[in-house]
Amino acid sequence: MMRSGDFMGELPKRVKMVEVGPRDGLQNEPNPVPTELKIEFINRLSQSGLRTIETTSFVSPRWVPQMADATEVFSTIERNPDIYYPVLVPNVTGLKRAIDVGVREVAVFTAASDTFNCRNTNVTIEESLERFAPVMELAAEHELRVRGYVSCALGCPYEGDIAPSKVAAVARELSELGCYEISLGDTIGIGTPAAAQRMVEAVMTEVPVERLAVHFHDTRGQALANVMACLQLGVATVDSSVAALGGCPYANGARGNVASEDLLYMLQGLGIETGVDLERLIDASLFISDALGRPPSSRLGQLRLEERGEPVH
Ligand code: HMG
Ligand code: MG
């Protein structure tokens with residue numbers, strides 16, 4: 001007889017949640033977010049049991065003004081030695097700035113679409129990979145871990161459909177360059193579960209699933225279903241943002257990431273370990289939402305406000 005849950009296949013026993021709220025979440029805020037607020041937000045996230053918190057970006061302040069305070073943010077947060085605080089770096093200039101403040105992990109980012117990559121970083125995919133070679137070398141000298149992102153893994157705001165084989169090819173290049181983990185980004189939140197599985201299955205032929213992460217923006221309400229579909233394939237690293245913050249300034253119409261607290265609730269229900277405390281995550285979500293002057297976009301955050309009798313809309 002089938003036990004309840006058997007239809008779900010073999011799910012990972014443990015999932016690494018990668019919190020990207022302070023970076024992906026805040027990079028897209030239209031109004032300047034005070035540096036002290038970012039610092040307090042990250043410090044609260046550090047209290048939640050998360051083991052990876054993407055903190056900021058050492059990118060050009062002309063391209064992303066919201067991340068111009070990267071140095072101050074990173075040097076002021078209370079860093080817990082058990083937590084990785086990765087930062088985005090687009091080039092050697094960014095990596096040097098990151099090394100100066102003592103990072104242990106960085107992330108490079110490219111895409112499966114040339115048009116998007118040019119809009120986002122002013123170079124084609126191939127040129128970006130060439131740009132990463134010296135980044136990887138310098139990172140290795142400093143014994144830093146490097147994560148790689150592939151944006152537009154399920155579709156591009158400019159080119160439309162993206163072939164899974166293209167995503168797989170870019171992921172392989174990042175892996176060969178030395179990225180220990182590759183995060184596959186549905187930048188505009190266009191994918192559905194079957195498309196997500198087809199894409200991840202294609203990438204798994206080039207990079208072992210243990211080294212893959214998924215990164216879903218929730219534009220069309222598919223993000224949790226997409227995560228579930230990828231867990232069923234063995235993916236055990238998932239990016240998310242508390243309060244469902246997020247978006248890319250160079251991907252028009254993209255909404256926030258899958259909400260960390262909603263994701264954690266689902267993982268707990270599936271009996272998957274994360275080491276993260278739901279209450280503390282919700283507290284961090286309400287803290288940043290309150291500071292930004294709007295209710296959280298997460299379901300659990302909104303429920304908490306309702307319980308407190310506070311307005312949700
Ligand atoms: P560029 O203008 O071609 O750069 O931009 P450049 O090398 O020609 O340099 C121009 C000027 O910028 C120079 O200064 C450089 O020193 C300076 P000047 O001589 O004019 O005074 N510069 C820098 N300053 C500080 N930090 C740096 C840096 N690099 C150059 N690192 C560049 C190219 C890549 C720098 C630019 O396009 C850029 O910064 N892009 C970042 C865009 C970005 O951050 N997008 C959002 C993150 S990606 C994302 O959200 C997707 C993701 O979440 C996954 C998903 O959802 O799919 C990760
Ligand atoms: Mg993103």
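Described below are features of the structure shown in this document. (Residues numbered from 1 in each chain as written. Chains lettered and ligands numbered in written order. Predicted model: local features only at pLDDT ≥ 70, side-chain atom pairs only at ≥ 80, totals over all residues. Heavy atoms only, no water.)

### Here we look at the site of ligand 1
Which entries qualify depends on this criterion: Each residue is tested against the molecule or strand, and it is near if at least one of its non-hydrogen atoms lies within 4 Å. In protein, a polar contact means a hydrogen-donor-capable atom and an acceptor-capable atom, both N or O and within 3.5 Å, with residues adjacent in sequence counting only if both atoms are side-chain atoms; elsewhere, any N or O pair within 3.5 Å suffices. Computed with the Shrake-Rupley method and a 1.4 Å probe, the accessible areas treat only the protein chains shown as cover for residues. Lining residues are defined by having an atom within 4 Å of a point belonging to a cavity or pocket. Those points lie on a 1 Å grid over the protein atoms alone, cavities being sets where a 1.4 Å probe fits but cannot get out and pockets being open sets with protein on both sides within 12 Å along at least five of seven lines. Pocket or cavity membership: a molecule qualifies when more than half of its atoms sit within 2 Å of the grid points of that site. Starting at the N terminus, helices and strands are each numbered in turn, a helix being any DSSP run of H or I of at least four residues and a strand any DSSP run of E of at least two. Gly counts as polar in this scheme, as do all residues outside two lists: the nonpolar Ala, Val, Leu, Ile, Met, Phe, Trp, Tyr, Cys and Pro, and the charged Asp, Glu, Lys and Arg.
Around ligand 1 sit 28 residues, and of these Gln27, Asn120, Asn122, Ser151 and Thr187 come closest. In this structure, Ser151 approaches ligand 1 through a side-chain N or O atom, which is 2.8 Å from an oxygen atom. Between His215 and ligand 1, the recorded distance is 3.0 Å, taken from a side-chain N or O atom to an oxygen atom. Here ligand 1 has 1100 Å² of accessible area as a free molecule, and 74% of this is covered by the chains. Taking a 2 Å distance to the grid points as the criterion, the majority of the atoms of ligand 1 fall inside the second largest pocket. For the shell around ligand 1, the elements supplying multiple residues, two or more each, are helix 1 (21-27), helix 4 (92-100), helix 5 (114-121) and strand 6 (145-151). When grouped by side-chain class, the residues that make up the shell around ligand 1 number ten nonpolar, 13 polar and five charged.

### Focus on the packing of aromatic side chains
Let me state the cut-off plainly: Pairing of aromatic side chains here covers Phe, Tyr and the six-membered ring of Trp, requires ring centres within 6.5 Å, and sorts the geometry by plane angle: under 30 degrees stacked, over 60 edge-to-face, intermediate tilted. Comment: the charge-over-ring label is applied if NZ (Lys) or CZ (Arg) is within 6 Å of the ring centre and within 35 degrees of the ring normal.
Throughout the structure, instances matching the rule amount to one aromatic pair. Between Trp63 and Tyr250, the aromatic rings sit 5.5 Å apart at their centres with planes inclined by 50 degrees, giving tilted as the arrangement. Here Tyr250 lies in the loop between strand 9 (237-240) and helix 10 (260-269) and Trp63 lies in the loop between strand 3 (56-57) and helix 3 (70-76), a separation of 187 residues in the sequence. Just above the ring of Tyr158 sits the side chain of Arg119; from NZ or CZ to the centre is 4.2 Å. If you follow Arg147 out to its NZ or CZ, it ends over the ring of Tyr149, 5.2 Å from the centre.

### Examining the coordination of the magnesium ion (ligand 2)
Counted only if it meets this: For Na, K and Ca the donor cut-off is 3.2 Å; for every other metal, N, O and S atoms count as donors within 2.8 Å. Water does not enter the count, which can leave sites looking incomplete. Each residue is assigned to one of three classes by its accessible area relative to the maximum for its type, calculated with a 1.4 Å probe on protein chains only: buried under 20%, partly exposed between the two thresholds, exposed over 50%.
Note on the magnesium ion (ligand 2): its protein donors are Asp24 (OD), His215 (NE2) and His217 (NE2). The metal-donor distances range over 2.0 to 2.3 Å. Mapped onto the sequence, the residues coordinating the magnesium ion (ligand 2) show the spacing D-x190-H-x1-H. For the pair His215 and His217, one class covers both residues: buried.

### Some details on the layout of surface pockets
Cut-off, in case you're wondering: Grid points are joined across faces, edges and corners, and a volume is the space filled by probe spheres set on the points.
The space that makes up the largest pocket amounts to roughly 540 Å³. Ala243, Ala244, Gly256, Asn257 and Ser297 are, among the 30 residues lining the largest pocket, the residues nearest its centre. Of all the secondary-structure elements, those providing two or more residues to the lining of the largest pocket are helix 9 (223-231) and helix 11 (278-292). Considering every element that reaches the lining of the largest pocket, the biggest residue donor is helix 9, with three residues. A volume near 450 Å³ is recorded for the second largest pocket. Lining the second largest pocket are 30 residues; nearest its centre among them are Val59, Leu88, Phe109, Asn120 and Thr121. Of all elements in the fold, only helix 1, helix 4, helix 5 and strand 6 reach the threshold of two or more residues within the lining of the second largest pocket. Residue composition of the lining of the second largest pocket, by class: 13 nonpolar, 13 polar and four charged.

### Some remarks on the pairing of strand 6
Applied cut-off: Whether two strands pair comes down to DSSP finding at least two bridges between them.
Most of strand 6 is tucked away, with six of its seven residues classed as buried. The pairing of strand 5 (residues 105-111) with strand 6 spans seven bridges and is parallel. Each bridged residue has a counterpart across the sheet, and for Glu105 the counterpart in strand 6 is Arg145. Where strand 6 and strand 7 (residues 181-186) come together, four bridges link them in parallel fashion. Note that in strand 7 the partner of Tyr149 across the bridge is Ser183.

### A few points about the nonpolar core
Filter applied, for reference: Among buried residues, those of type Ala, Val, Leu, Ile, Met, Phe, Trp, Tyr and Cys that are joined through side-chain atoms within 4.5 Å constitute a nonpolar core. The contact criterion used throughout is that any non-hydrogen atoms of two residues lie within 4.5 Å.
Membership of the largest hydrophobic core comes to 105 residues, with the highest contact counts inside it found for Leu184 and Leu231. Considering each element in turn, this core owes the most residues, seven residues, to helix 6 (residues 125-141). Those residues in contact with Leu184 that lie beyond four places of it in its chain are Val150, Ala153, Val167, Met199, Val200, Val203, Leu212, Ala213, Val214 and His215.

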